[in-house]
Amino acid sequence: MVLYTSPFPNSFLSVLHSFSWGLIFPCYWFADRLVASFVPTTYEKRQRADDPCYFHALCIIITTPIYLALLVASLPFALIGFLLWSPLQSARRPYIYSRLEDKSHANGATLLTEWKAAGNGKSFCFGSANVCLLPDSLARFNNVFNTQARAKEIGRRIRNGASRPQIKIYIDSPTNTSISAASFSSLVSPQGGDSTNRTVNVGIKRTTSMEYKGDNSGSNNSEDSREDKGGNGEPNEGEENTCIVRINGEDNGHMSDIETDTVNGQANASGPAEHSLEGDAEISKTPNHKQKEGDSGSLDSYSASRESLVKVRVGDGTVDQSTVNNKLLYKASVMKKTSVRKKKHTDETFDHEISAFFPANLDFLCLQEVFDKRAAEKLKEQLHHYFEYIVYDVGVYSCHACCSFKFVNSGLLFASRYPVMDAAYHCYPNGKGTDSLASKGALFLKVQVGSTPQDQRIVGYISCTHLQAIAGDTTVRCEQLDMLQDWLSEFRKSTSSSSTANPEELVAFDVICGDLNFDNCSSEDKLEQQHSLFTHYKDPCRIGPGEDKPWAIGTLLDPEGLYDDEVCTPDNLQKVLESEEGRKGYLVYPTSKNHNSSQKGRKASLKGNGRRIDYMLYTEEGLYLEWKVEVEEFSFITQLAGLTDHLPVAMRLMVSTGEDDP
C-alpha cells in the first residue's frame, strides 16, 4: 500500500487548494475571533478580576464592530473560495504521512534498531490523549483557549516527557516510606559510560529499586550503547541502556557492598566501597498560561527533561552515613515529583500509576481532536523532535465519502518511532448532531517493529478512533463499535502477506486507542459496556461491565476547575488525583438515571473514580501463537494539565517470545 505524503495527487490541485483556502481563511479567522471575544475562559475571568467592570465591556464594544465589518467585507471572497474548495475535496487523500528525513532535527534521539526476536522479548509503549485542538472559539466552550500556542506546548511536553530516562521505583518496605517513591524517581542517575545493567547498594534505611533506561536523546550515549552491545554483557533486546540502582537498609551505619551485574546476571563483582552523593537539583519551569513553581510537566530544554537527576558516584574515600542520608533527604525535599508507582492490589499483575510525565521511551502516540490544521502543523513540528513517523490531517471534507457535509477532519493524529507500513481511514457515516459536522472515524495502521533471523517481518496493528460524543447516543456508538471491528478485520486481511503454512510476517500486538465517549460505570452506557468488542479486546482497567478496577480513575476533567491553583500544573494535578476527595472535586463522575441532583451530589453518592472515556485495549487473538502479550504498566498522565480537559493514558505491553525466558 502506498502511503500518501501530500494531500493531493499532483501539485496543480495542491496550488488550487491553497489559493481557495487563502480566500476562505480571512472570513474564517474574523468569525472565530468574533465568537471568541464573547466566550471567556475562567482563566481570563480571573485575570480581569482586578480590572474595572466596564473595561472588558468597552473592549467588546470597540472590537465587535471592527470584526463584523471585516467579516462582511471578506464574505464575497470566502464564497468564491468555497466554490473552488468544495469540489477539490473529492480528490483529496484521507491523510498525510510525514517522515522525518533530516534526522539531525530529532535532537539526537536514538531511533530504534530492529528487534530480532532472539532474546527475552520486547516491550512497546502506547499513549493516547484527547488534546482539544479545536478552533479557538469552539475550544473555549471546553474552557481552553489559544489553540495555536497550546498545540506547540502540548507537543513540547510530550516529546520531553517521552525522551527522559525511564526510572521505575518500587518501595519494598511497607513500614518505612517517609521518602516516597515519587521523591526517589528523580534522585539517581548512573555515572559512567557503560550501558550494561548494574546494581549499586547504598546504606539507607528503606529499600527501593530503580531501573534507569538510558538516555535516548544523546548521540554520544547511543555510540556508547552500540559499543557495549558488542561486548560480553549484551543487554536484553528491548532494554535500552538499563541501569538498576538499589538502596538497601543498613542498621549499622556502614555502607553496603557494590554489586555489579551484567544484563543476563552472569557476572557479579562485589567488594567494599564508599559512596558520595553530589550534584544540585535543577528546577525548570515553562509557563502554561502563567509561570508556576512546581510545573515540572513542561520541560523546555534537554537538560530539564532529565528531571534534574542527582548523580550517584562510586569512588574511593570514606563518607559518613548520616551525611548521605541528610543529603538524600534534602534532595528529596526540593525535587519535583514525577510519578507515584502504586501496586497496592497484590492480585494485580502489572504496575499502575498516576504520573506527571508521559512514559519514557514512548513508542506510539494516538491523539484525538486535532481539528485545527494550523495547530496540527505546529504539533507535528514538535513531535518530530522525537517521533520519526507521523500521520496527520486525517479525514475527509465536504460531501466526499460520507453522507453529510464535513467542515472539519477526524481530528486523529498518529506518531511512531517505528516505520509505518500501511494506513487506512474510514469515516463513520452515522454521526448525529454537531458530531456530524466532523469526519469522525477510525485510523488503522500497520507498523514494522523488527524482523526474525529468518527475515520474517515482525509487525503490529494500531487503531485510533473517536466515537460519537453526544450523551444518550448509545445506539450510534454501538454501531460505530461494530464498524470499527469490521473495518479492522478487513484492514488486517488486506495488508497481511502471510499464509498459515508459510508466514512472511509475525504479528506482535494489536492495540485500539481512542476517546470512546462512554465509561464503564455509568448506568446510561450499559449497552456499550456489554459490546462484543470487550470479548475480543482486553481493557487493563476493567473488571467487567459496570465495574472498573479500584485503582482506575476517570480521564474527563471538570472544565470549570482547569485553572485552579490546586490542579493547574502536572505536579499539583497528580497530587489531587491521588486522593478520593481530590478526584471528586476535579473529575467528571458517572451519571445515574435514578439520581437527579446536582453534579456534586452525584459525585458524593456514586461509587467509582470518575468517568473513564479514554481507552487502551489490546488482544491476544490473531497474534503469533508462540508469543505471549501481557501488560507491564498502565499510567494516567497529568503532564498536559491546563492544556486539555482530558487525562492522557499510556500502556506498556511486553511481547514475550518464549526463548530464553527466565
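From a predicted model like this one, the values you see are computed outputs, not experimental measurements.

Participant: Now, about helix α14 (residues 570–577): what can you tell me, with residues and values included?
Facilitator: With respect to burial, α14 is a largely interior element, 7 of its 8 residues being buried. For α14, the set of buried residues is P570, D571, N572, L573, Q574, V576 and L577.

Participant: Give a description of the sheet that holds strand β18 (residues 441–451) that names residues and reports values.
Facilitator: Taken in spatial order, the 5 strands of this open sheet run β17-β18-β19-β20-β23, and their pairing is mixed. Strand pairing shows two members of the sheet lacking a second neighbour, β17 (420–427) and β23 (614–618), which therefore form its edges. On average, adjacent strands in this sheet sit at an angle of 15° to one another, irrespective of strand direction. Alignment of β17 against β18, held across 7 bridges, turns out to be antiparallel. Bridging from a neighbouring strand, V420 pairs with V447 of β18. Taken strand by strand, helix α11 (residues 474–495) contacts β17, β18, β19 (457–466) and β20 (505–515), and its axis lies near 35° from that of β18.

Participant: Now, about the UniProt feature "transmembrane region" (unreviewed entry) in the chain: what can you tell me, with residues and values included?
Facilitator: Under the feature "transmembrane region" (unreviewed entry), the UniProt entry names residues 12–31 and 52–85. Its end C-alpha atoms 29 Å apart, residues 12–31 is made of 100% helix and 0% strand. Segment residues 52–85 splits into 97% helix and 0% strand. End C-alpha atoms: 45 Å apart.

Participant: For the side chain of S635, give the residues involved together with the corresponding values.
Facilitator: Assignment of secondary structure puts S635 in strand β24 (residues 628–637). At a separation of 3.1 Å, a polar atom in the side chain of S635 contacts the side chain of E353. Not counting residues up to four positions away in its chain, the partners in contact with S635 are E353, P648, V649 and A650.

Participant: Lay out the packing of helix α5 (residues 147–162) against helix α10 (residues 373–383) in plain terms, naming residues and giving numbers.
Facilitator: One way to put it is that α5 packs onto α10 with a least axis distance of 8 Å and a crossing angle of 20°. By the angle between their directions, the pair α5 and α10 is classed as roughly parallel. Classified by chirality, the crossing of α10 by α5 is right-handed. Between α5 and α10, the residues in contact are T147, Q148, A151, K152, I154, G155, R156, I158 and R159 and R374, A375, K378, L379, Q382 and L383, respectively. When its residues are assigned to classes, the contact of α5 with α10 shows 6 nonpolar, 4 polar and 5 charged.

Participant: Please set out the environment of V408 residue by residue, giving values where relevant.
Facilitator: Within the secondary structure, V408 sits in the loop between β15 (389–392) and β16 (413–416). Classification of V408 as partly exposed rests on a relative accessible area of 25%. For V408 and S436, which are 28 residues apart along the polypeptide, the C-alpha to C-alpha distance reads 9.8 Å. Those residues within four positions of V408 in sequence are excluded, and the remaining contacts are F371, V396, Y397, L437, A438 and S439.

Participant: Describe in detail the nonpolar core, supporting the description with residues and values.
Facilitator: The biggest cluster of nonpolar side chains holds 91 residues, and the ones touching the most others in it are F364, F414 and F509. In terms of residues, this core owes the most to one element, β20, which gives 7 residues.

Participant: I'd like a description of the packing of aromatic side chains, backed by residues and values.
Facilitator: The full count for this structure, using the stated rule, is 32 aromatic pairs. Centroid distance W29 to F30: 5.6 Å. Interplanar angle 75°. Geometry classified as edge-to-face. Using a relative accessible area of 31% as the deciding quantity, one classes W29 as partly exposed. When the centroid spacing of 5.1 Å and the interplanar angle of 20° are considered together, the rings of F126 and F364 count as stacked. One end of the pair, F126, is in strand β2 (residues 122–133); the other, F364, is in strand β14 (residues 364–370), and 238 residues separate them in sequence. The class of F126 is buried, set by a relative accessible area of 1%. Residue F364 is classed as buried on the basis of its relative accessible area, which comes to 0%.

Participant: Describe the confidence of the model for the chain, and please don't skip the residues or the numbers.
Facilitator: Residue-level pLDDT values for the chain average 76, and 65% of them are 70 or greater. Segment residues 298–342 is flagged for pLDDT under 50; beyond a separation of four residues in sequence, or across chains, it makes 159 contacts in the model. When the criterion is pLDDT under 50, residues 595–605 qualifies, and its contacts beyond four places in sequence or with other chains add up to 16 contacts.

Participant: I'd like to hear about the pairing of β19, residue by residue, with values.
Facilitator: Burial of β19 is extensive: 9 of the 10 residues sit out of reach of the surface. In terms of strand pairing, β18 meets β19 through 9 bridges, oriented antiparallel. Paired with A442 across the bridge in β19 is T465. Between the end of β18 and the start of β19, which pair antiparallel, lie 5 residues, with D455 showing a positive phi angle near 65°. Pairing of β19 with β20 involves 10 bridges; the strand directions are parallel. Note on β20: the bridge partner recorded for T465 is G514.

Rules behind the numbers
Sequence positions are assigned chain by chain, starting from 1 and proceeding in written order. The model is predicted, so local features are restricted to residues of pLDDT at least 70 and side-chain atom pairs to those at 80 or more, both for listing and for counting; the totals for chains, interfaces and linings are taken over all residues. Hydrogens and water are ignored here; the side-chain numbers use all heavy atoms of the structure. Throughout this description, buried means an accessible area under 20% of the type-specific maximum (1.4 Å probe, protein chains only), exposed means over 50%, and partly exposed covers the range between. The helix and strand labels rest on DSSP assignments: H or I over at least four residues marks a helix, E over at least two residues marks a strand, and numbering proceeds from the N terminus. When DSSP finds two or more bridges between two strands, those strands count as paired. Interaxial angles span 0 to 180 degrees and are taken between N-to-C directions of axes, which are lines fitted to C-alpha atoms, for helices over the stretch in contact. Any two residues having at least one pair of non-hydrogen atoms within 4.5 Å are treated as being in contact. UniProt positions are given in the numbering used here, feature names are shortened, and annotations may be inferred rather than shown by experiment. Polar contacts, as counted here, are pairs of nitrogen or oxygen atoms within 3.5 Å of one another; within protein the pair requires one atom able to donate a hydrogen and one able to accept it, and residues that are adjacent in sequence qualify only if both atoms are side-chain atoms. Note that the term roughly parallel is reserved for angles under 35 degrees, roughly antiparallel for angles over 145, roughly perpendicular for angles of 65 to 115, and oblique for everything else. It is the rotation of the near helix from the far one that decides the hand of a crossing: anticlockwise by less than a right angle makes it left-handed, clockwise makes it right-handed. Any residue outside Ala, Val, Leu, Ile, Met, Phe, Trp, Tyr, Cys, Pro, Asp, Glu, Lys and Arg is labelled polar, Gly included; the first ten of those are nonpolar and the last four are charged. Buried residues of nine kinds, namely Ala, Val, Leu, Ile, Met, Phe, Trp, Tyr and Cys, make up a nonpolar core once their side-chain atoms join them within 4.5 Å. Paired rings are identified among Phe, Tyr and Trp, the last through its six-membered ring, by centres lying within 6.5 Å, and are further divided according to the angle between planes into stacked (under 30 degrees), edge-to-face (over 60) and tilted (the rest). Confidence of the prediction at every residue is given by pLDDT, a number between 0 and 100.

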